[in-house]
Amino acid sequence: MRIEVLYFAWLRERIGVPRERVETEAGTVRDLVAELRAREERYDAAFSDVSAVRVALDQELSDFDAALGDAREVAFFPPMTGG
Amino acid sequence: MRIEVLYFAWLRERIGVPRERVETEAGTVRDLVAELRAREERYDAAFSDVSAVRVALDQELSDFDAALGDAREVAFFPPMTGG
Amino acid sequence: MPVVVQEDPFDPGAELSRLVAGRRDMGAMVTFTGLVRDTGAGDLRHMEIEHYPGMTVRAIEGMVAHATERWTLGAAHVVHRYGRMAVGEAIMMVATAAPHRGDAFAAAEFLMDYLKSRAPFWKKEVTDRGEDWVTARAEDEAALGRWS
Amino acid sequence: MPVVVQEDPFDPGAELSRLVAGRRDMGAMVTFTGLVRDTGAGDLRHMEIEHYPGMTVRAIEGMVAHATERWTLGAAHVVHRYGRMAVGEAIMMVATAAPHRGDAFAAAEFLMDYLKSRAPFWKKEVTDRGEDWVTARAEDEAALGRWS
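Residues numbered from 1 in each chain as written. Chains lettered and ligands numbered in written order. Predicted model: local features only at pLDDT ≥ 70, side-chain atom pairs only at ≥ 80, totals over all residues. Heavy atoms only, no water.

A. Structural detail: the side chain of K116 of chain D. With respect to the helices and strands, the residue K116 of chain D is situated in helix α3 (residues 101–118). One buried charged residue, K116 of chain D, remains without a salt bridge, the closest side chain of opposite sign being D140 of chain D at 4.9 Å. Discounting residues that sit within four places of it in the chain, K116 of chain D has contacts with M80, T81, G82 and G83 of chain A, R101 of chain C together with K123 and D140 of chain D. (Helix = DSSP H or I, 4+ residues; strand = E, 2+ residues; numbered from the N terminus. Buried < 20%, exposed > 50% of the residue type's maximum accessible area, 1.4 Å probe, protein only. Lys, Arg positive; Asp, Glu negative; His and termini not counted. Salt bridge = Lys/Arg side-chain N within 4 Å of Asp/Glu carboxyl O. Contact = heavy atoms within 4.5 Å.)

Structural data, given as structure tokens:
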């Protein structure tokens, strides 16, 4: 399965790219994070504390236990600071 | 004692004047109201339900049991509807 | 001027722009604008507001002083009109500025609650059916309870 | 347009004037304006706001729809900027119009609480000392609890 992965704010800065296409067989968001962390140190560092990371699936807020299903876009970012 | 008495909104309309000078020996606001009601029917009607009347002494909100003291101005009006 | 009581119309947008201009220290601004609303029957000709000239400004200044003691504010302004006004015209406005939004909101709501029931204004609606003094609402009086 | 997300500056006063214009049925309007506030040290060079273009407008429209269901509103507008902005510039604005003031205030506070913690924006402060992502505050997250 091919999925678009987006990173925002300090996650984008630590990983070094704003978005990338990822080939994965992960069943859940948590599985996808584990695959990414296994790839390279910069991913491992960025996701070292997932309590500080939020996730959206196809532009809807979701959580780490959610199934990827046929989502086309996953976004990772810190807690939002709008307003 | 001579005191300036002001009326606002429907109290002004029922009594027919916005203000008048009153000669009184009343000790409290309530006594003053009793004197006014004894004067003429229009006062009696206006003050028939004092739960619908508010009072200010020298431009500070007060109540019917307050002593007139050396107040120079007493105002009677319905509950306020500002904002 | 933090408290203005006037007969002339005013522009709420211009008031907000003035409050915003040149601030470096305030993160939050809240405004409340009260407008003349038509009656349910849609026949309001105009509204008339009577006030107590000797008391009005001082009473509102007391409310503003109270708000300024209770919350951390950079500004608290009140404009309130009296006299005759047409449907859709602004009757009054409260504007607060604060470092944080909680203070700006709370102070604006506090000022509105007190203006409703403790500032010496009386509204009259003039409709095709005649003239009616607006009756004070029990909810407005009750709303004051949340600040004590 | 009830929800606008843009890079360009906007004028909060003009937004309020536009909202007020021509209303006959709304007695109450509330605005909240968020401004770039200097740091305690007074050395903020500018603020940068990043957002998630595909998600931002839709997320805010969801909040507005929720507010419109929950309170009786005539209008609920949100303007939010992204990109670089100077100290004192408006970051965002919420404006609500309602027949009664309670609804206008509650809806504006609800929208602010959700925008703070659920709209995909991230603020960075650029000071003489470097760059810092603004940390989400626990109080802001906790504030959402009052609406459930």
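B. Quick look at the interface of chain A and chain D. The interface of chain A with chain D comprises 21 residues on the first partner and 26 residues on the second. Both sides of the chain A and chain D interface together cover about 1,800 Å² of buried area, and 56% of this is carbon and sulfur. Interface area lost by chain A to chain D is led by M80, T81 and G83 of chain A, which between them contribute 39%. Our enumeration of links across chain A and chain D arrives at three salt bridges. Among the ionic pairs, K124 of chain D bridges to E13 of chain A, the shortest N-O distance being 2.6 Å. (Buried area = accessible area lost by both parts, 1.4 Å probe.)

C. Structural context of the packing of helix α3 (residues 101–118) of chain C against α3 of chain D. Close contact between α3 of chain C and α3 of chain D brings their axes to 12 Å; oriented N to C, the two are set at 180 degrees. Taken as axis vectors, α3 of chain C and α3 of chain D run roughly antiparallel relative to one another. Of α3 of chain D, the residues touching α3 of chain C (which contributes R101, F105, A108, E109, M112, D113 and K116 of chain C) are R101, F105, A108, E109, M112, D113 and K116 of chain D. In terms of residue class, the contact of α3 of chain C with α3 of chain D is made up of six nonpolar, no polar and eight charged. (Axes fitted to C-alpha atoms, helices over the stretch in contact; angles between N-to-C directions. Parallel < 35°, antiparallel > 145°, perpendicular 65-115°, else oblique. Nonpolar A, V, L, I, M, F, W, Y, C, P; charged D, E, K, R; others polar.)

D. Layout of the relation of the copies chain D and chain C. When chain D is brought onto chain C, the operation consists of a screw motion whose angular component is 180 degrees and whose axial shift is 0.0 Å, with 0.0 Å RMSD remaining. As the rotation angle and translation indicate, the two copies are arranged about a two-fold axis. Distance from the rotation axis, computed per C-alpha, reaches its smallest value in chain D at G13 of chain D: 1.9 Å. When the interface residues of chain D are mapped onto chain C, 100% of them again fall at the interface, so both copies present the same face. (Least-squares fit on C-alpha atoms with pLDDT ≥ 70 in both.)

E. Fine view of the arrangement of the chains. Sorting the three pairs of chains in contact by contact count puts chains C and D at the top. Separated without contact, chain A and chain B have their nearest C-alpha atoms at a distance of 28 Å. Here chain B and chain D are not in contact; the least distance found between their C-alpha atoms is 10 Å.

F. Up close: unusual backbone geometry. In this structure, A9 of chain A is a non-glycine residue whose phi angle is positive, near 55 degrees. Take A9 of chain A: it is sitting in helix α1 (residues 9–15). Residues other than glycine seldom take positive phi values, yet Q59 of chain B does so here, at roughly 70 degrees. When you line up the elements, Q59 of chain B lands in the loop between β3 (54–57) and β4 (60–62).

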